[in-house]
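Architecture and fold: a report
Below, each chain spelled out in residue letters.
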Amino acid sequence: MHELSIALSILDVAGEEVERRGNVQVEAIYVRLGPLSGVVKEALISAYELAREQTPFASARLVIEDMPIVIFCNRCGTERPVHSLQEMRCAHCDAPADRIVQGRELQLSALELAE
Amino acid sequence: MSTPPRGTPPRSTPPRIVEVRQNVLKHNDEIARGLREAFHDAGVYVVSLVSSPGSGKTAFLEKTLSLLRERNYRPAALVGDLATNNDAARLARSQAPVKQITTGTLCHLEAAMVQTALTEWRLKDLDFLFIENVGNLVCPSSYDLGENLRLVLLSVTEGEDKPLKYPTIFNSADMAVITKLDLAEAAEFDSAAAHANIQSVRPGMRVLELSAKTGRGMDAWLDLLAREAKSS
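Computed from a predicted structure; not experimentally measured. (Residues numbered from 1 in each chain as written. Chains lettered and ligands numbered in written order. Predicted model: local features only at pLDDT ≥ 70, side-chain atom pairs only at ≥ 80, totals over all residues.)

1. Re the overall build of chain B
- A count of helices and strands for chain B gives 8 helices and 8 strands.
- Computed over the C-alpha atoms, the radius of gyration of chain B is 22 Å, more than 25% above the 17 Å expected from 2.2 N^0.38 for a compact globule of 232 residues.
- Along the longest, intermediate and shortest principal axes, the C-alpha atoms of chain B span 85 × 45 × 35 Å.
- Residue pairs at least 24 apart in sequence account for 74% of intrachain contacts in chain B once pairs closer than 6 positions are excluded. (Helix = DSSP H or I, 4+ residues; strand = E, 2+ residues; numbered from the N terminus. Rg over C-alpha atoms; globule rule 2.2 N^0.38 Å. Contact = placed C-beta atoms within 7 Å.)

2. A short note on the overall build of chain A
- For chain A, the count of helices and strands is 2 helices and 6 strands.
- Relative to the compact-globule value of 13 Å for 115 residues, chain A shows a C-alpha radius of gyration of 17 Å, a clear excess of over 25%.
- Residues counted as buried form 38% of the 115 residues belonging to chain A.
- Nonlocal contacts in chain A, meaning residues at least 24 apart in sequence, comprise 68% of its contacts between residues at least 6 apart. (Buried ≥ 20, exposed ≤ 12 C-beta atoms within 10 Å, placed from the backbone.)

3. Focus: unusual backbone geometry
Residue and element names in this part refer to chain B.
- Located in the positive-phi region is Arg21, a residue other than glycine, with phi close to 50°.
- Relative to the elements of secondary structure, Arg21 occurs in strand E1 (residues 16–23).
- Residue Arg21 is classed as exposed on the basis of its C-beta count, with 9 C-beta atoms lying within 10 Å.
- Unlike most non-glycine residues, Asn72 shows phi in positive territory, near 70°.
- Within the secondary structure, Asn72 is located in the loop between helix H2 (57–70) and strand E3 (75–81).

4. Re the confidence of the model for chain B
Residues and elements named next belong to chain B.
- Within chain B, residue pLDDT values average 91, and 94% of them lie at 70 or more.
- Taken element by element, chain B is modelled with least confidence in helix H3 (residues 86–92), mean pLDDT 82, and with most confidence in strand E8 (residues 206–209), mean pLDDT 98.
- Across the whole predicted complex the pTM is 0.91, and at the interface the ipTM reaches 0.92. (pLDDT = per-residue confidence, 0-100.)

5. Some details on the packing of helix H1 (residues 3–21) of chain A against helix H2 (residues 41–52) of chain A
Residues and elements named next belong to chain A.
- Their axes nearest at 8 Å, the elements H1 and H2 cross at an angle of 55°. Considering the angle they form, H1 stands oblique to H2. Here H1 runs over H2; the crossing is right-handed. Residue-level inspection shows Glu3, Leu4, Ile6, Ala7, Leu8, Ile10 and Leu11 of H1 in contact with H2, the latter providing Ala43, Leu44, Ala47, Tyr48, Leu50, Ala51 and Arg52. (Axes fitted to C-alpha atoms, helices over the stretch in contact; angles between N-to-C directions. Parallel < 35°, antiparallel > 145°, perpendicular 65-115°, else oblique. Left-handed = near helix turned anticlockwise from the far one by under 90°.)

6. Some points on the sheet that holds E3 of chain B
All names here are of chain B.
- Across the sheet, 7 strands lie side by side as E4-E3-E5-E2-E6-E7-E8; this open sheet has parallel pairing. The sheet is open, and its two edges are formed by strand E4 (98–102) and E8, each paired on a single side. Ignoring which end each strand starts from, the neighbouring axes of this sheet average 20° apart. (Pairing = 2+ DSSP bridges.)

7. Here's the deal with the pairing of E4 of chain B
All names here are of chain B.
- Where E3 lies against E4, 5 bridges are found, and the strand directions are parallel. By the bridge assignment for E4, Val79 is matched with Gln100.
- The parallel pair E3 and E4 is bridged by H3, and the resulting crossover is right-handed. (Right-handed = clockwise from strand over helix to strand, strands pointing away.)

8. Details of the interface of chain A and chain B
- Across the contact, 29 residues belong to chain A and 29 residues belong to chain B.
- Among the secondary structure elements, those contributing two or more residues to the side of chain A that touches chain B are H1, strand E1 (26–33) and strand E6 (106–113) of chain A.
- No other element matches the 8 residues that E6 of chain A contributes to the side of chain A that touches chain B.
- In terms of residue class, the side of chain A that touches chain B is built from 16 nonpolar, 7 polar and 6 charged.
- As judged from the 6 bridges shared by E6 of chain A and E1 of chain B, these two strands associate in the antiparallel manner. Bridge assignment links Leu108 of chain A to a residue of E1 of chain B, and that residue is Gln22 of chain B. (Nonpolar A, V, L, I, M, F, W, Y, C, P; charged D, E, K, R; others polar.)

9. Thoughts on the nonpolar core
- One finds Ile10, Ala14 and Ile29 of chain A together with Ala77, Val114, Phe128 and Val152 of chain B to be the most contacted residues of the largest nonpolar core, which totals 91 residues.
- Sorting elements by how many residues they give to this core places H1 of chain A first, with 6 residues.
- Once residues lying within four places of it in the same chain are set aside, the contact partners of Phe128 of chain B are Val44, Tyr45, Val47, Leu68, Tyr73, Pro75, Leu225 and Ala229 of chain B. (Core = buried A, V, L, I, M, F, W, Y, C linked by C-beta atoms within 7 Å.)

10. A word on the sheet that holds strand E4 (residues 78–81) of chain A
Residues and elements named next belong to chain A.
- Spatial ordering of the open sheet is given by E4-E3-E5, a layout of 3 strands whose pairing is antiparallel. The open sheet has two free edges, formed respectively by E4 and strand E5 (100–102), since each of these has just one partner strand. When the angles between neighbouring strand axes are averaged without regard to direction, this sheet yields 40°.
- As paired strands, strand E3 (residues 70–73) and E4 are joined by 4 bridges and run antiparallel to one another. Pairing of Cys73 across the sheet is with Thr78, part of E4.

11. Observations regarding H2 of chain A
Residue and element names in this part refer to chain A.
- For H2, spanning 12 residues, the distance from its first C-alpha to its last is 16 Å, which sits close to the expected 16 Å at 1.5 Å a residue.
- Along its buried surface, H2 packs onto H1 and strand E2 (61–66).
- Directly after H2, the chain includes Gln54, whose backbone phi takes a positive value near 55°. (Expected span 1.5 Å × (residues − 1).)

Here it is as structure tokens:
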């Protein structure tokens with residue numbers, strides 16, 4: 001379980017952004033999360049609930065945007081999904097995945113600010 | 001309800017969303033980048049190891065350190081452990097410099113812990129550095145430690161389906177090492193199934209099979225290390 005560390009990192013990065021923008025009130029934190037990030041979504045949501053207490057983000061929602069795995073399939077010559085995390089082959093032509101273009105994200109993508 | 005004074009913008013504006021696009025682990029990534037540069041400048045080749053507890057990681061590392069010293073290389077190791085220094089004590093028998101990183105309740109190593117642990121060593125005095133992560137197949141996958149090569153270990157006693165259960169760690173590693181080959185027969189280890197499962201979660205992944213106990217496969221591993229270090 002390293003999701004608490006991850007939740008604290010999210011608040012750190014969000015805190016830096018708030019400081020940079022000068023005393024804004026954050027209503028929501030948007031995080032992009034891929035299945036290859038090594039972070040479990042449900043565990044992160046619970047950890048975030050704990051981590052935000054008694055911080056400037058105590059009332060800020062965490063909005064997670066799932067980033068499904070996308071590969072560049074050489075055989076198809078285009079981007080494709082895969083069968084699953086366990087079967088990393090092109091869902092269209094079954095070729096083995098060798099270039100992952102999406103799915104590793106663990107990114108603070110945006111902040112929703114109160115006016 | 002009082003009306004706002006004239007000239008004040010209306011209160012009910014839609015929420016303002018600002019793009020940030022920052023990696024959540026950017027601080028770790030920055031430190032890892034600095035470490036990677038320092039390793040490269042000093043000519044140290046760095047290998048990290050992840051596995052479940054009891055996969056034979058320490059035995060494999062002890063043998064690797066000893067054999068590298070026999071080949072006149074200067075290896076060292078950092079060992080992450082939740083509470084004890086048993087692993088470091090075992091590895092010290094190889095005569096190589098070994099340092100413990102006690103992580104307490106933390107289930108993984110972070111780049112800053114590696115950086116702190118290295119302060120007393122001169123990287124120029126080393127050829128190889130091994131970083132043994134905490135025994136865990138989930139948490140370490142998110143953290144870059146500045147390594148050149150990340151190994152995931154799988155012992156023949158753990159079952160062939162381990163890669164399917166922990167696809168992310170296999171996907172974040174560069175190479176898989178199947179350990180305890182001397183027990184393969186007793187454990188009825190299905191090598192073909194293990195290889196198929198590894199290739200299913202990580203197509204094209206390099207796989208080594210070896211036994212630290214009998215030494216089988218160790219020469220191939222050391223040759224590979226020497227080659228990789230030379231070309232890095």
